[in-house]
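Descriptive structure summary
Chain by chain, the residues run as shown.
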Amino acid sequence: MPSKQSTLFAVMYPITLAVASTLPSCPSDIPLSCHNSTAVSNSCCFNSPGGSLLQTQFWDTDPATGPDDSWTIHGLWPDNCDGSYEQFCDKSREYSNITKILKSQDRSDLLDYMSEYWKDINGDDETFWEHEWNKHGTCINTIEPDCYENYEPQIEVGEFFEKVVDLFKGLDTYQALADAGIIPDSSETYTFDEIQSALKKMHGQEVTIICDGDKLNQVYYYYNVKGNAIDGDYKASAAREFSLSDSADGIRR
Ligand SMILES: *[C@@H]1O[C@H](CO)[C@@H](O)[C@H](O)[C@H]1NC(C)=O
Ligand SMILES: *[C@@H]1O[C@H](CO)[C@@H](O)[C@H](O)[C@H]1NC(C)=O
């Protein structure tokens, strides 16, 4: 028998269970993004129009950013299947407090990792993260608020950053190049084919290799996704262009 005291306690402090904000589980017959032959109406399980997701990375030397033995994160971009892309897709979900959002979601480990590996070339990481979310993250249709059950504002922001970091951790560009004997050295020259072949070995598909003058500066890894951008299966796909060069008017996006 419960005592009177404990009954009273329960009345005074009702326990409210936090209800998790979740994305729906997706049907197994959902097509891989950019691989559908008819229209797909389930927009929370099918990335479209941005069905080509690019995990993009930097090797910055001037100024140098990040650890000496690692590339750094640029972002995760939902490009259209034809290589064009949408940007700044939802003004109402543009934020200038990414650090605060991640802290409020108990993602300090993620934040620590980002502070080391997701570096702004001008030293303002927060602004760079805001830019990547506002410009590209808001265009990922499968993580729009309406897709969530029990949507908690900004939950998709935390999930986006976590996902980008997870993908990046599986794409150790420095190591893949080192395994092929390609070590950063300003007096060494490596061919495009050597670099492409080393990165293809890791990713399974050709990547986009970007130089700034004669210096290797960025790599883009392409994926298609089956399911939503957070829980879905990422399948490597070949880059649309195998090589690009950084220009003043900006491959940097
Ligand atoms: C794939 O699905 C999208 C979203 O419904 C649609 O816009 C596109 O036209 C479809 N592609 C084909 C080839 O049917
Ligand atoms: C971040 O900014 C948004 C928009 O201004 C606000 O609604 C939200 O409460 C802020 N989050 C935190 C954790 O400060």
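Predicted, not measured: the structure shown is a model, and the values here were computed from it.

**Here's the deal with the packing of aromatic side chains**
Across all of its chains, the model carries 12 aromatic pairs by this definition. Here the aromatic rings of F160 and F161 are separated by 5.1 Å at their centres, their planes lie at 80 degrees, and the arrangement is edge-to-face. Taking relative accessible area as the criterion, F161 reaches 0% and is therefore assigned buried. Three or more aromatic residues joined by ring pairs form one cluster here, namely W118, W133, F160 and F161. Looking at K169, its charged tip hangs above the ring of Y113, at a distance of 4.5 Å from the centre.

**Points about the UniProt feature "active site" (unreviewed entry) in the protein chain**
When the UniProt feature table is mapped onto this chain numbering, "active site" (unreviewed entry) sits at H74, E132 and H136. With the annotated positions falling across 63 residues, the maximum pairwise C-alpha distance of 11.1 Å places them together in a single cluster. Residue placement: H74 occurs in strand β2 (residues 72–79). By relative accessible area, which is 2% here, H74 ends up buried.

**Concerning the nonpolar core**
One finds W118, F160 and F161 to be the most contacted residues of the largest nonpolar core, which totals 51 residues. In terms of residue count, helix α5 (residues 155–169) provides more of this core than any other element does, 8 residues in total. Residues contacting W118, with those up to four places away along its chain left out, are I73, H74, G75, Y113, D125, F128, W129, E132, F160, F161, V164 and V165. Formed by 6 residues, the second largest nonpolar core is a distinct cluster that contains W77, I210, Y220 and A239.

**As for the site of ligand 1**
Around ligand 1, the structure places N36, S37, T38, A39, V40, F46 and S48. Note that an oxygen atom of ligand 1 is positioned 2.3 Å from one of the side-chain N or O atoms of N36. Relative to its unbound accessible surface of 360 Å², ligand 1 loses 52% to contact with the protein. Looking at the shell around ligand 1, its residues break down into 3 nonpolar, 4 polar and no charged.

**Focus: the site of ligand 2**
The environment of ligand 2 is formed by Y95, N97, K100, S104 and Q154. In the environment of ligand 2, an oxygen atom lies 2.4 Å from a nitrogen or oxygen atom belonging to the side chain of N97. Contact with the protein chains removes 47% of the 360 Å² of surface that ligand 2 exposes when unbound.

Cut-off values and rules
Residues numbered from 1 in each chain as written. Chains lettered and ligands numbered in written order. Predicted model: local features only at pLDDT ≥ 70, side-chain atom pairs only at ≥ 80, totals over all residues. Heavy atoms only, no water. Phe/Tyr/Trp six-rings, centres within 6.5 Å; stacked < 30°, edge-to-face > 60°. Buried < 20%, exposed > 50% of the residue type's maximum accessible area, 1.4 Å probe, protein only. Lys NZ or Arg CZ within 6 Å of the ring centre and 35° of its normal. UniProt positions renumbered as here; feature names shortened; annotations may be inferred. Helix = DSSP H or I, 4+ residues; strand = E, 2+ residues; numbered from the N terminus. Core = buried A, V, L, I, M, F, W, Y, C linked by side-chain atoms within 4.5 Å. Contact = heavy atoms within 4.5 Å. Near = heavy atom within 4 Å. Polar contact = N/O pair within 3.5 Å; in protein donor to acceptor, adjacent residues only side chain to side chain. Areas by Shrake-Rupley, 256 points an atom, 1.4 Å probe, with all protein chains shown as cover. Nonpolar A, V, L, I, M, F, W, Y, C, P; charged D, E, K, R; others polar.

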